[in-house]
Amino acid sequence: MALFSVLIILVCLHVDSVRSAIGSTEVDCVSGTYVTLNTVDEEFEGDIEIITNISPYVRLVLEPYMCSLCMKYLELVYSDGDSTAIVRTIKPLDLEAIKMSADAVYYSISCVRGAINTRTLYIADINDNPPIFQSKSYTGRVSDGTPVGWVVQKVTAIDKDMTLENKRLTYSILPPVPENFGLRYDLQNNAADIELIKPVNYNNVQQYVFMVEAKDKGGLSDTTTITLTIEDFDNLNPYFDHCLYKASIEENQIGLFSEITPEPIKAQDGDTGINEPVVYSITSVIPNEYQNSFEIDRNTGVISVTAALDREQTGQITVVIQATQQNDTSKTADAVVLVTIVDVTDNPPKIDQGVHSSHLV
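Treat the numbers as computed from the prediction; the structure is a model and nothing was measured. (Residues numbered from 1 in each chain as written. Predicted model: local features only at pLDDT ≥ 70, side-chain atom pairs only at ≥ 80, totals over all residues. Heavy atoms only, no water.)

## Details of the sheet that holds strand 6 (residues 74–77)
Okay, step 1: If you walk across this open sheet you meet the four strands as 1-4-7-6, and the pairing is mixed. The open sheet has two edge strands with one neighbour each: strand 1 (23–25) and strand 6. Across the sheet, the mean angle from the axis of one strand to that of its neighbour is 20°, orientation sign disregarded.
Okay, step 2: Bridge analysis of strand 1 against strand 4 (residues 47–51) gives three bridges, and the strand direction is parallel. The residue bridging T25 from the neighbouring strand is I51, located in strand 4. (Pairing = 2+ DSSP bridges. Helix = DSSP H or I, 4+ residues; strand = E, 2+ residues; numbered from the N terminus. Axes fitted to C-alpha atoms, helices over the stretch in contact; angles between N-to-C directions.)

Now the structure itself:
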């Protein structure tokens, strides 16, 4: 009774094995056979074929055929004299690895001193590989003179799945999304172009750091970090710290102003990241007859009085000054210096000789 139970179990195991196999085949040791087995999904594990009706006088061996790499995935379960043999996997079928050697799993069941029986097993790709960015971080530079629509960086993720459907990716910028940049999908290269969608300004932001995600249809994903450094572009005029300065000098005094407010005259390049030097000049003096009464140091902006000024002739003079970018004379800025002439006692009193008054006692 115990022996009968064991036989029943072995028969059931054999039936299960046949059912789990892709196909049932036979070999022809005289003429050979060529069999294309059913297609299996990638990562398949189990019995590939059951070979039946093997003659007791035949010896079978598993040999490579058009794919030596395939032998790393297969084994033949068989002993001399067996009427049945099984070809099965010894590890999951990896389509991406096999495709490096052949377009399918090829092997042969050879009869010793007889014909070979070739087999072809096709593998269907499954989405089992996540996209991987070629770099975990990308860095680039963007001038604040770059036009909108310009591609500032290209990013590429590689998906090792074999079919286009499983390889196709969706790219997105993860929150917080910088308002100056957007993504444009590059279908031909399965990549993403980061483009400028709003002008950047070096004076406001000098660097943007954000993350880009690549995701396949199954939700497998990878991320990379984008760092874009903003470079200043020479597109701004210089500027004075103040548009109006007030200065004073005593009449008849030659030299520097005794006082200037709100602070010493200074201009600088509007492109702070470039900061080209500026030179100073006087463009006009009001009243005009005082044009030659002032001079300005072209490098420092310090104004000097070169001719004595008379408070009795005028109490206030307007000096218009200009700062010019040294390497580009088209870039200028203007300011006004309001000069007050301070009165001093420099005229003695005079007696009018035309009118006399006397009183005799």
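## Looking at the sheet that holds strand 24 (residues 278–286)
Okay, step 1: As summarised here, the arrangement of the five strands in space is 22-20-28-27-24, forming an open sheet in which the pairing is mixed. One side of each edge strand has no neighbouring strand; the edge strands of this open sheet are strand 22 (259–261) and strand 24. The average angle at which neighbouring strand axes cross in this sheet is 25°, direction not considered.
Okay, step 2: Direction of pairing for strand 24 relative to strand 27 (residues 316–325): antiparallel, over a ladder of eight bridges. Along strand 27, the bridge assignment pairs Y280 with A323.

## So, the pairing of strand 18 (residues 221–231)
Okay, step 1: Strand direction decides the pairing type here: strand 12 (residues 137–143) and strand 18, joined by seven bridges, are parallel. Each bridged residue has a counterpart across the sheet, and for T139 the counterpart in strand 18 is T227.
Okay, step 2: Sheet topology note: the strand 17 (residues 207–216)/strand 18 ladder contains nine bridges and is antiparallel. Bridge pairing links A214 to D222 in strand 18.
Okay, step 3: Counted along the chain from strand 17 to the antiparallel partner strand 18, the turn is four residues long, and its residue G219 has a positive phi close to 90°.

## Remarks on the state of the cysteines
Okay, step 1: Summed over all chains, the structure comprises two disulfides.
Okay, step 2: Two residues share a disulfide in this structure: C29 and C111, whose sulfurs sit 1.9 Å from each other. Around the S-S axis, the bridge from C29 to C111 shows a dihedral of about -75° and counts as left-handed. Of this pair, C29 sits in the loop between strand 1 and strand 2 (33–36) while C111 sits in strand 8 (residues 105–111), and the two are 82 residues apart along the sequence.
Okay, step 3: The side chain of C67 participates in a disulfide bridge whose partner is C70; the two sulfur atoms lie 2.1 Å from each other. Where C67 bonds to C70 through sulfur, the torsion about that S-S bond is close to 85°, and the disulfide is right-handed.
Okay, step 4: Judged by relative accessible area, which is 2%, C67 ranks as buried.
Okay, step 5: When its relative accessible area of 1% is taken as the criterion, C70 is described as buried.
Okay, step 6: Counting its disulfide-bonded cysteines in sequence order, the protein chain shows a connectivity of 1-4, 2-3. (Disulfide = S-S within 2.5 Å. Buried < 20%, exposed > 50% of the residue type's maximum accessible area, 1.4 Å probe, protein only.)

## Points about the confidence of the model for the protein chain
Okay, step 1: Averaged over all residues, the pLDDT of the protein chain equals 89, while 89% of them reach at least 70.
Okay, step 2: Per-element confidence in the protein chain ranges from a low mean pLDDT of 36 for helix 1 (residues 2–20) to a high of 98 for strand 17.
Okay, step 3: Low confidence marks residues 1–21, where pLDDT is under 50. Its contacts with residues over four positions away, or in another chain, come to ten contacts. (pLDDT = per-residue confidence, 0-100. Contact = heavy atoms within 4.5 Å.)

## Some details on the nonpolar core
Across soluble globular proteins, you tend to see nonpolar side chains buried next to one another.
Okay, step 1: Core analysis: the largest hydrophobic core is formed by 29 residues, its most contacted members being I48, L60, L93, V105, Y107 and L121.
Okay, step 2: Listed by contribution, the elements that provide at least two residues to this core are strand 4, strand 7 (85–89), helix 2 (95–98) and strand 8.
Okay, step 3: By residue number, the principal contributor to this core is strand 8, which donates five residues.
Okay, step 4: By size, the runner-up hydrophobic cluster in this structure holds 26 residues, among which are I249, I265, I321 and A335. (Core = buried A, V, L, I, M, F, W, Y, C linked by side-chain atoms within 4.5 Å.)

## As for the packing of aromatic side chains
Okay, step 1: Summed over all chains, the structure comprises six aromatic pairs.
Okay, step 2: Between Y171 and Y185, the aromatic rings sit 6.3 Å apart at their centres with planes inclined by 35°, giving tilted as the arrangement. Placement of the pair is Y171 in strand 14 (residues 169–173) and Y185 in strand 15 (residues 181–186), with a sequence separation of 14 residues.
Okay, step 3: Taking relative accessible area as the criterion, Y171 reaches 11% and is therefore assigned buried.
Okay, step 4: For Y185, a relative accessible area of 35% puts it in the partly exposed group.
Okay, step 5: Taking 6.2 Å as the distance between ring centres and 50° as the angle between the ring planes, the aromatic pair formed by F240 and Y280 counts as tilted. Taken as a pair, F240 in strand 19 (residues 239–240) and Y280 in strand 24 lie far apart in primary sequence, 40 residues in all.
Okay, step 6: A relative accessible area of 6% places Y280 in the buried class.
Okay, step 7: An aromatic cluster is present here, built from F133, Y171 and Y185 joined pairwise through their rings.
Okay, step 8: Over the ring of Y73 we find K91; its NZ or CZ atom is 4.7 Å from the centre of that ring. (Phe/Tyr/Trp six-rings, centres within 6.5 Å; stacked < 30°, edge-to-face > 60°. Lys NZ or Arg CZ within 6 Å of the ring centre and 35° of its normal.)

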